Amino acid sequence: MAKERPTIGSDGLALPILPPERDARVWARMVRVVFYTPGFMALLLLKTGEPTGFGITVELLMLSSAAAIVAGMFIGTQSSDGGADAASKVGVWSGSLVLELLAVVPFLCAVPPLFHQLAHSTLLHTKAPGAVDVALGISELLPAIAIVPFMIYQLAGFGTLHFIVPKPVNWVINFGILVLITCAYAANHKEAFGAERRFAGVLVLTMALTVLYGVLKLRAMQEAFDARRPARPAK
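Because the structure is a prediction, the values reported are computed rather than measured. (Residues numbered from 1 in each chain as written. Predicted model: local features only at pLDDT ≥ 70, side-chain atom pairs only at ≥ 80, totals over all residues. Heavy atoms only, no water.)

1. A few points about the packing of aromatic side chains
Any two aromatic rings considered together are summarised by their centre-to-centre distance and by the angle between their planes.
Reasoning step 1: Within this structure, the stated rule accounts for 2 aromatic pairs.
Reasoning step 2: Taken together, a centroid distance of 6.5 Å and an interplanar angle of 20 degrees make the contact between Phe150 and Tyr153 stacked. Here Tyr153 and Phe150 lie together in helix H5 (residues 147-155), a separation of 3 residues that amounts to about one turn.
Reasoning step 3: On the basis of relative accessibility, which here comes to 8%, the residue Phe150 falls in the buried class.
Reasoning step 4: On the accessibility criterion, Tyr153 (24% relative accessible area) is partly exposed.
Reasoning step 5: Taking 6.3 Å as the distance between ring centres and 15 degrees as the angle between the ring planes, the aromatic pair formed by Tyr153 and Phe158 counts as stacked.
Reasoning step 6: You can call Phe158 exposed: its relative accessible area is 52%. (Phe/Tyr/Trp six-rings, centres within 6.5 Å; stacked < 30°, edge-to-face > 60°. Helix = DSSP H or I, 4+ residues; strand = E, 2+ residues; numbered from the N terminus. Buried < 20%, exposed > 50% of the residue type's maximum accessible area, 1.4 Å probe, protein only.)

2. Structural notes on the side chain of Thr160
Reasoning step 1: Within the element layout of this structure, Thr160 appears in the loop between H5 and helix H6 (167-189).
Reasoning step 2: At 3.2 Å, the side chain of Thr160 forms a polar contact with the side chain of Glu100.
Reasoning step 3: Residues contacting Thr160, with those up to four places away along its chain left out, are Arg22, Trp93, Ser96, Leu97, Glu100 and Leu218. (Polar contact = N/O pair within 3.5 Å; in protein donor to acceptor, adjacent residues only side chain to side chain. Contact = heavy atoms within 4.5 Å.)

3. Quick look at the confidence of the model for the chain
Reasoning step 1: In the predicted model, the chain carries a mean pLDDT of 81, and 81% of its residues have values of at least 70.
Reasoning step 2: Mean pLDDT values for the elements of the chain range from 77 in helix H1 (residues 24-47) up to 93 in H5. (pLDDT = per-residue confidence, 0-100.)

4. Description of the packing of helix H2 (residues 57-76) against helix H7 (residues 193-228)
Reasoning step 1: For the pair H2 and H7, the least separation of the axes is 12 Å and the interaxial angle reads 5 degrees. Taken together, H2 and H7 sit at an angle that is classed as roughly parallel. For the pair formed by H2 and H7, the contact residues are Glu59, Leu60, Leu63 and Phe74 on the first element and Arg197, Ala200, Val204 and Val215 on the second.
Reasoning step 2: Across the contact of H2 with H7, the residue classes break down as 6 nonpolar, no polar and 2 charged. (Axes fitted to C-alpha atoms, helices over the stretch in contact; angles between N-to-C directions. Parallel < 35°, antiparallel > 145°, perpendicular 65-115°, else oblique. Nonpolar A, V, L, I, M, F, W, Y, C, P; charged D, E, K, R; others polar.)

Written out as structure tokens, the structure is:
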């Protein structure tokens, strides 16, 4: 049975609300998945010569793969045994934040334009004599549907960011993610690759700053929790 955390500190004031305990083994497996999947996709694109139409897709996929390595480093520091400090106690939470915002978000931004360009690439699809060019139409947006469950994950209280920033700020950040991903895809669709890079650049910079703030905030919350936690009653 899970132990209940105290909610009131030794000074009579409310303690910081930390994220729930998470299984480090599950997140470690997630690191492997996120590292290999976008990494191999980026290598395949580089092998085909990275046509201009792919825009910033390769860079986003490589960022997603590299961020998974950094997330694994955070998760590997998790410890609650003797000698554990505030930083080691928030290792899994910090790693999950890196995965959510610097691995999953760039991957979600890269997949829709990647699918669009693969579906229309003359480099990858040599037309046979008499072949019929079938327009995919609205079905091109099917990979982008993955953004919907991610938004639910973030806004319904599953995401790490939910415990770091106030609810209105969380909604603004995630709405901004959705808008920037949509704008980047629209720019790629119109072959405005310069605009796509700017939208993706703003998205990545925002996620990096959010992760920086989030990791430091998690550590500060853990320090405040440890400093004001009521003493355990003697057995």
